[in-house]
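Below are the chains, spelled out letter by letter.
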Amino acid sequence: VILLCFRRCLLMALTLCLFWNMFGLSAAMDSKPNILLFLADDLGIGDIGCYGNKTIRTPNIDRLAREGVKLTQHIATAPLCTPSRAAFLTGRYPIRSGMASSNRYRALQWNAGSGGLPANETTFARLLQQQGYTTGLIGKWHQGVNCESFNDHCHHPLNHGFDYFYGMPFTLLNNCQENKPPELDVALQAKLWLYSQIIILAVLTLAAGKLIGLIPIRWKIIACFTFVGSLFFISWYSSYGFVRYWNCILMRNHDVTEQPMRLEKIASLMLKEAVSFIKRNKHGPFLLLVSFLHVHTPLFTTAKFLGKSHHGLYGDNVEEMDWMVGKILDSLDKQGLQNHTFTYFASDHGGHLEAQDGSAQLGGWNGIYKGGKGMGGWEGGIRVPGVFRWPGVLPAGTVIDEPTSLMDIYPTVVHLAGGILPQDRVIDGRNLVPLLQGRAQKSEHEFLFHYCGSYLHAVRWHQKDSGAIWKAHYVTPVFHPPGAGACYGKGICPCFGEGVTHHDPPLLFDLSRDPSEGKPLSPDTEPLFDTVIRKIGRAIEEHRRTLTPVPEQLSVYNVVWKPWLQPCCGTFPFCWCDKEGDST
């Protein structure tokens, strides 16, 4: 009798515990959590400890992985910042929003360009705003600013659902630091300077010939040549001599606060703003996107971290970013928000292999994966870190080896906020909550399409019944020098033209057996080769039927510098200010 009573009591206790756990989980899920998103710039998957790096110290990002869920097949939608971030914000392939380029300008080039994230695209910030969230963006934007005038701010973060913005509307460049070689469109600058010299020499020759009577030419013609030469010279000088003033600026909401920005205090300013946002909105719910300027060149690092890592300036910059992550997480703890905050860390794409200064590597390490930033479908440019933490809701120390996408953040955070996805457009992302919690074992993605600009380079097929991850490359970049694994002679690999190779039949890999994409399969080595290629081919046809024509935001006209669109804290062209002062 005693044993029977003991068993009944034990069963009742287990039932109550199970009910309590389910109720507690349900209660946590029913409430609206704060959402904290960290997005690094150009960080390689092999650069942080929880993904295998043994020499760069990243204890705070590693802590997120220990206390939460780590994804091993987290895929960026594009291997370059502007299109990748557009997809992240909208949950859609960038080709759907016009943020995929058919020319060599695959990212926005100027604050004073007219291209950017279209106003009719609905970001997750907009949907969370509608659910009562206070939304903030600290750091890099790189989705455009203006359309028709210098202050219409049609592409600005505040026009895309963010209540507060502090950071760079553009991106860091070598041009932002005075002692660094120029990075922005070096080839175009060289051409403009060459044409300027040729025309100036021609004008001087014609004028001298006219004066001494050797060349019978009218002064009006010489004046026309002089005018054209002046235009080339002004274009060269404005694009080369004033990049720091045009692009390297800080904004708070709609106001330019620093032009040009002072890199030596940027980390402390960003950190102060993020911590302040959390403190102001501790009663929540809030969405905070911390979009790091780290670890993009010129890798400006504060003195506290210089020379501290084993990987030179790049390693120092990674360790400074990790320290900033830790300080922001500490602010959550201080406000008692850790258990009520859904936290995410990722990179916008893979490391930049071609970023070098002599023998010093200034770009990231992509681990065992081939390729890097800008390289179409090669895994090193698109496989990125993906770490989630929500104590008490997501199981700690979990590793998930299923294909996921940066686009998945969109439906995931909208679900957590209690929102509804737009019904008038295709949303390519998938809600990750069931996968993260362990209630689902397989990713909802069957196919993922890997674009280089507007050109489809590769397709991934997740064959769920067998566990295989097939990947077919239809186009790959031509590495320079041959076999080097990157385009060192060009700075970044092209998407089309003579700089790529077309494959028919496509190169086929099974990433579940060959994640480094080192041994392409053939009909002789893989019995399913033809079946897989046909299946992927049909998926491409179906995918293309879902695409509709949209204006190309990265057309040459849209990316070119337009003086009338230039953000300016002064009277153009006298644009300079430092409203931050000593606020750090």
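Residues numbered from 1 in each chain as written. Predicted model: local features only at pLDDT ≥ 70, side-chain atom pairs only at ≥ 80, totals over all residues. Heavy atoms only, no water.

Note the following rule: UniProt positions are given in the numbering used here, feature names are shortened, and annotations may be inferred rather than shown by experiment.
An unreviewed UniProt entry lists the protein chain under the name ARSD Arylsulfatase, with Sagittarius serpentarius given as the organism. Looking at the Cofactor (unreviewed entry) heading of the UniProt record, one finds this comment for the protein chain: "Ca(2+)". The record held by UniProt for the protein chain lists under Sequence similarities (unreviewed entry) the comment "Belongs to the sulfatase family."

**With respect to the overall build of the protein chain**
To keep things clear, this is the line we draw: Here a helix means four or more residues in a row that DSSP labels H or I, a strand means two or more in a row labelled E, and each is numbered from the N terminus. Within these notes, the globule rule equals 2.2 Å times the number of residues to the 0.38 power, and the radius of gyration is based on C-alpha atoms. Pairs of residues are marked as contacts when any of their non-hydrogen atoms sit within 4.5 Å. All tallies of charge rest on Lys and Arg as positive and Asp and Glu as negative; His and the ends of each chain are not included. Positions of charges follow a simple convention, taking NZ of Lys, CZ of Arg, CG of Asp or CD of Glu.
In terms of regular secondary structure, the protein chain is built from 15 helices and 19 strands. Taking 584 residues into account, the globule formula puts the C-alpha radius of gyration at 25 Å, and the protein chain, at 26 Å, falls close to it. Seen along its three principal axes, the alpha-carbon backbone of the protein chain occupies a region of about 125 × 65 × 50 Å. Relative to all contacts within the protein chain whose residues are 6 or more apart in sequence, the contacts with residues 24 or more apart total 74%. Positive and negative side-chain charges of the protein chain, numbering 53 and 49 respectively, have mean locations separated by a distance of 2 Å.

**Brief notes about the pairing of strand β1 (residues 34-40)**
Rule in force here: Note on exposure labels: buried denotes an accessible area under 20% of the residue type's maximum, exposed denotes more than 50%, and partly exposed covers the range between, all computed with a 1.4 Å probe on protein chains only. Strand pairing is assigned whenever DSSP identifies at least 2 bridges connecting the two strands.
Within β1, seven of the seven residues are buried, which leaves it mostly tucked inside the rest of the structure. Both faces of β1 are covered, namely the face carrying Asn 34, Leu 36, Phe 38 and Ala 40 and the face carrying Ile 35, Leu 37 and Leu 39. As paired strands, β1 and strand β8 (residues 341-347) are joined by seven bridges and run parallel to one another. Bridging from a neighbouring strand, Leu 37 pairs with Tyr 344 of β8. Summarising the sheet, β1 and strand β7 (residues 286-291) pair through five bridges and their orientation is parallel. Looking across to β7, one finds that Leu 39 is bridged to Ser 291.

**Some words on the state of the cysteines**
Here is the rule: Disulfides are defined as cysteine sulfur pairs within 2.5 Å.
Throughout the structure, instances matching the rule amount to six disulfides. Shown here is the disulfide that connects Cys 176 with Cys 248, its sulfur atoms set 2.0 Å apart. Between Cys 176 and Cys 248, the S-S dihedral sits near -80°, and the bridge is therefore left-handed. Linking Cys 176 in the loop between β4 (164-168) and α6 (186-212) with Cys 248 in the loop between α8 (243-247) and β5 (250-252), this pair joins segments that are 72 residues apart in sequence.

**Quick word on a nonpolar patch on the surface**
Applicable threshold: Patch rule: a residue counts if its relative accessible area is over 30% and it has no salt bridge; like charges are joined within 9 Å, and nonpolar side chains (Val, Leu, Ile, Met, Phe, Trp, Tyr) within 5 Å. The Shrake-Rupley method, run with a 1.4 Å probe sphere, supplies the accessible areas, and residue values consider only the shown protein chains as cover. The term salt bridge refers to a side-chain nitrogen of Lys or Arg lying within 4 Å of a carboxyl oxygen of Asp or Glu.
Residues Ile 200, Leu 204, Phe 233 and Ile 234 make up a contiguous nonpolar surface patch of about 370 Å² in total accessible area. Counting residues per element, the ones that place at least two in the nonpolar patch are α6 and α7 (219-241). With respect to the helices and strands, the residue Ile 200 is situated in helix α6.

**What to know about the sheet that holds strand β15 (residues 468-477)**
Stated precisely, the cut-off is as follows: To get an axis, a line is fitted to the C-alpha atoms, and for a helix only the part in contact is used. The angle between two axes follows their N-to-C directions and goes from 0 to 180 degrees.
Strand order across the open sheet formed by four strands is β13-β14-β15-β16, with antiparallel pairing between neighbours. A strand with exactly one partner marks an edge of an open sheet, and here the two such strands are β13 (447-452) and β16 (500-510). Taken pair by pair, the neighbouring strands of this sheet meet at an average axis angle of 15°, ignoring direction. Across six bridges, the pairing between strand β14 (residues 455-463) and β15 is antiparallel. Bridge pairing in β15 places Arg 460 opposite Lys 471.

**Things to note about the environment of Ser 84**
Secondary-structure assignment places Ser 84 in helix α3 (residues 81-90). Note on Ser 84: relative accessible area 0%, which makes it buried. The spatial distance from the C-alpha of Ser 84 to the C-alpha of Ile 382 is 9.3 Å, given a sequence separation of 298 residues. Ignoring anything within four residues of it in the chain, the contact list for Ser 84 reads Ala 76, Ala 78, Asp 348 and Leu 406.

**Thoughts on helix α9 (residues 266-280)**
For clarity, the threshold we go by: The span you would expect from a helix comes to 1.5 Å times its residue count less one.
Helix length check: α9 (15 residues) gives 21 Å between terminal C-alpha atoms against 21 Å at 1.5 Å per residue, within 8%. Buried within α9 we find Ile 266, Ala 267, Leu 269, Met 270, Leu 271, Glu 273, Ala 274, Phe 277 and Ile 278. Considering only its buried residues, α9 is in contact with β3 (134-140), β4, β5, β7 and α10 (312-334).

**Describing the packing of α9 against α10**
Relative orientation and spacing of two packed helices are given, respectively, by the angle between their axes and the distance between those axes. Inclusion rule: Here the angle decides the label: under 35 degrees means roughly parallel, over 145 means roughly antiparallel, 65 to 115 means roughly perpendicular, and every other value means oblique. Handedness of a crossing follows from how the near helix is turned relative to the far one, being left-handed for an anticlockwise turn of less than a right angle and right-handed for a clockwise one. Note on residue categories: nonpolar means Ala, Val, Leu, Ile, Met, Phe, Trp, Tyr, Cys or Pro, charged means Asp, Glu, Lys or Arg, and polar means any other residue, Gly included.
In the contact formed by α9 and α10, the axes pass within 9 Å of each other and the chain directions differ by 20°. Looking at the two axes, α9 sits roughly parallel to α10. In the packing of α9 onto α10, the handedness of the crossing is right-handed. Contact with α9, carried on its side by Ala 267, Met 270, Leu 271, Ala 274, Val 275 and Ile 278, involves Glu 320, Trp 323, Met 324, Lys 327, Ile 328, Ser 331 and Leu 332 of α10 and no other residues of that element. Tallied by class, residues from the contact of α9 with α10 come to 10 nonpolar, one polar and two charged.

**Considerations on the packing of aromatic side chains**
Put simply, the rule is: Stacked, tilted and edge-to-face are the three classes applied to pairs of Phe, Tyr and Trp rings, where Trp contributes its six-membered ring and a pair requires centres within 6.5 Å; stacked means planes under 30 degrees apart, edge-to-face means over 60, and tilted covers the rest. Criterion for a charge above a ring: Lys NZ or Arg CZ within 6 Å of the ring centre, and within 35 degrees of the ring normal.
A full pass over the atoms with the stated rule returns 22 aromatic pairs. Ring centres of Trp 561 and Phe 572 lie 6.3 Å apart, and the angle between their planes is 40°; on these two criteria the pair is classed as tilted. Placement of Trp 561 in the loop between α15 (556-559) and β17 (570-571) and of Phe 572 in the loop between β17 and β18 (574-575) is noted, with a sequence separation of 11 residues between them. An aromatic cluster is built from Phe 88, Phe 124, Phe 342, Tyr 344, Phe 388, Trp 390 and Tyr 410, whose rings are joined through pairwise contacts. Sitting above the plane of the Tyr 164 ring, Arg 280 keeps its charged end 5.0 Å from the centroid. Just above the ring of Trp 378 sits the side chain of Lys 370; from NZ or CZ to the centre is 4.4 Å.

**With respect to the pairing of β3**
Most of β3 sits out of view: six of its seven residues are buried. Sheet topology note: the β3/β7 ladder contains six bridges and is parallel. By the bridge assignment, Thr 134 is partnered in β7 with Phe 286. Relative to β4, β3 runs parallel, the two being bridged by five bridges. Opposite Lys 140, over in β4, you have Met 168 as the bridge partner.

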